[in-house]
Amino acid sequence: MDAVGPIRLAAIVVCSLLGLFFTFVSMTGVLRLPDVYARAHTASQADTLGAGFALAAVALVLGPGGAGYKSVLLLFFIFVTNPTAAHAIARAAYEEGIVPWTKGDERR
């Protein structure tokens, strides 16, 4: 591995911190939101961003090469599959008759 310059190091740190932030937001949303639809929403958006930034940091650390390219391909794979999986979960919940939480409902 070659020496990491200051700009590249700053980009790695920023991507890592953003990945941690969005993963924490996703975890908090999954724990705090009231129903499967809202949880699927936060998991599909915030978790995808968290994993995306973390994998971007990994790609920056590894640099151009076999492993760096594989991490970028994994990043694109996650960007496609996470929202698709969340949609499938929400659709299955809807087909099972699970009603969305509304403002007047009691918190579960």
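Rules used in this analysis
- Residues numbered from 1 in each chain as written.
- Predicted model: local features only at pLDDT ≥ 70, side-chain atom pairs only at ≥ 80, totals over all residues.
- Heavy atoms only, no water.
- Salt bridge = Lys/Arg side-chain N within 4 Å of Asp/Glu carboxyl O.
- Helix = DSSP H or I, 4+ residues; strand = E, 2+ residues; numbered from the N terminus.
- Expected span 1.5 Å × (residues − 1).
- Buried < 20%, exposed > 50% of the residue type's maximum accessible area, 1.4 Å probe, protein only.
- Contact = heavy atoms within 4.5 Å.
- Axes fitted to C-alpha atoms, helices over the stretch in contact; angles between N-to-C directions.
- Parallel < 35°, antiparallel > 145°, perpendicular 65-115°, else oblique.
- Left-handed = near helix turned anticlockwise from the far one by under 90°.
- Nonpolar A, V, L, I, M, F, W, Y, C, P; charged D, E, K, R; others polar.

## Comments concerning the pattern of salt bridges
Working step 1: Taken as a whole and assessed by the stated rule, the structure comprises one salt bridge.
Working step 2: The salt bridge partner of Arg91 is Glu95, with a shortest N-O separation of 3.1 Å. Here Arg91 and its partner Glu95 are both found in helix α3 (residues 66-95), four residues apart, which amounts to about one turn of the helix.

## Let's talk about α3
Working step 1: If you check α3, its first and last C-alpha atoms are 43 Å apart, about what 30 residues at 1.5 Å a residue would give, namely 44 Å.
Working step 2: Gly68, Ser71, Leu75, Ile78, Ala86, Ala90 and Ala93 are the residues of α3 that are buried.
Working step 3: At its buried positions, α3 is contacted by α2 (36-62).
Working step 4: With its phi angle positive at about 90°, Gly97 sits one or two positions after the end of α3.

## Digging into the packing of helix α1 (residues 6-32) against α2
Working step 1: Running from amino to carboxyl end, α1 crosses α2 at an angle of 160°, the nearest separation of the two axes being 8 Å. The angle between the axes of α1 and α2 places the two elements in the roughly antiparallel class. For the pair α1 and α2, the sense of crossing is left-handed.
Working step 2: A per-class count over the contact of α1 with α2 returns 18 nonpolar, seven polar and three charged.

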